[in-house]
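Take a look at the letters that make up each chain.
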Amino acid sequence: VAEALLCVQELYAPEHAERISAMLYDRSIEDSKEKTTELLAKLASELVGKKAIAASSFKAATCELFKGLDDLAIDVPMTPKLVGSIVGELAAKKLFPLSWLAEACEPVEDFEVKRKVCAEILLSVKKALGESSLMEIVRSDNFDASSFLTDEEEEKEGEKLSTFLKGKGLTCVLSP
């Protein structure tokens, strides 16, 4: 991680920041291994945290990835978990606000994929910081899961948001 960070810092090419960010996601999905994704998530947070890559560039790459997330999740079912781990690491380091997820998830049409990726992001934050810190971030970022993870038609056929989050151990993110 340190060596890769140093390489990006030495090359300093802001015009390629979005592509480098996309490459981290691509590598994670290609490899589909949790250990690889864990290292890539750490690299992503180091790159953004040390400003080797602007947060806006990483967000742009994430939004672009989310445009094709439905198809990627069909081809590589682990995609929501892998992508969620990387974004979750950035959220845990407070480099990405959780409130941004509503915008980022807008192009995701498959309701189940949208919920899975968001759950993985929240679980990554919870794992890194603990439940009370996740609750604090949810409050401070004005994160409202029900604003974009609830749909009347979907919930008639499938699982209610509260049931889904409870099954993931994430009831702490529900508004009181």
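The rules behind each value
Residues numbered from 1 in each chain as written. Predicted model: local features only at pLDDT ≥ 70, side-chain atom pairs only at ≥ 80, totals over all residues. Heavy atoms only, no water. Patch = residues over 30% accessible without salt bridge, like charges linked within 9 Å, V, L, I, M, F, W, Y side chains within 5 Å. Areas by Shrake-Rupley, 256 points an atom, 1.4 Å probe, with all protein chains shown as cover. Salt bridge = Lys/Arg side-chain N within 4 Å of Asp/Glu carboxyl O. Lys, Arg positive; Asp, Glu negative; His and termini not counted. Charge placed at Lys NZ, Arg CZ, Asp CG, Glu CD. Buried < 20%, exposed > 50% of the residue type's maximum accessible area, 1.4 Å probe, protein only. Core = buried A, V, L, I, M, F, W, Y, C linked by side-chain atoms within 4.5 Å. Helix = DSSP H or I, 4+ residues; strand = E, 2+ residues; numbered from the N terminus. Contact = heavy atoms within 4.5 Å. Disulfide = S-S within 2.5 Å. 1 Å grid on protein atoms, 1.4 Å probe; cavity = no way out; pocket = protein on both sides within 12 Å on 5 of 7 lines; lining within 4 Å. Points joined across faces, edges and corners; volume = space filled by probe spheres on them. Nonpolar A, V, L, I, M, F, W, Y, C, P; charged D, E, K, R; others polar.

Undergrad: Would you explain a negative patch on the surface in this entry?
TA: On the surface, Asp 71, Asp 75, Glu 109 and Asp 110 cluster together into a patch of negative charge. For Asp 110, a relative accessible area of 35% puts it in the partly exposed group.

Undergrad: Is there a simple way to explain the nonpolar core in this structure?
TA: If you look at soluble globular proteins, the nonpolar side chains tend to sit buried side by side. In terms of nonpolar packing, the biggest core is built from 50 residues, with Phe 58, Phe 66, Val 83, Leu 98, Leu 101 and Leu 134 touching the most fellow members. If one sorts the elements of this core by residue count, helix H8 (residues 111–129) sits on top with 7 residues. Those residues in contact with Val 83, other than ones at most four positions away along the chain, are Tyr 25, Ile 29, Leu 65, Phe 66, Leu 69 and Val 117.

Undergrad: Would you take a moment to explain the state of the cysteines for this structure?
TA: Each disulfide consists of a covalent bond between the sulfur atoms of two cysteine residues. In the structure shown here, the tally under the stated rule is 0 disulfides. Summary of cysteine pairing: Cys 63 is not part of a disulfide, and the nearest cysteine sulfur, belonging to Cys 105, is at 9.0 Å. You can see Cys 118 has no disulfide; the closest cysteine sulfur is in Cys 105, sitting 3.5 Å from it. Cys 118 gets classed as buried once you look at its relative accessible area, which sits at 0%.

Undergrad: Hey, could you run me through the layout of surface pockets in this one?
TA: The probe, sized like a water molecule, is rolled over the atoms to show the empty space still left. For the largest pocket, the calculated volume is near 400 Å³. What lines the largest pocket is a set of 15 residues, among which Glu 38, Ser 85, Glu 89, Ser 124 and Lys 127 lie closest to the centre. Among the elements of the structure, helix H3 (34–49), helix H6 (79–92) and H8 are those that each provide at least two residues to the lining of the largest pocket. Taken together, the residues of the lining of the largest pocket sort by class into 4 nonpolar, 4 polar and 7 charged.

Purely spatial values, then, with no claim about function.
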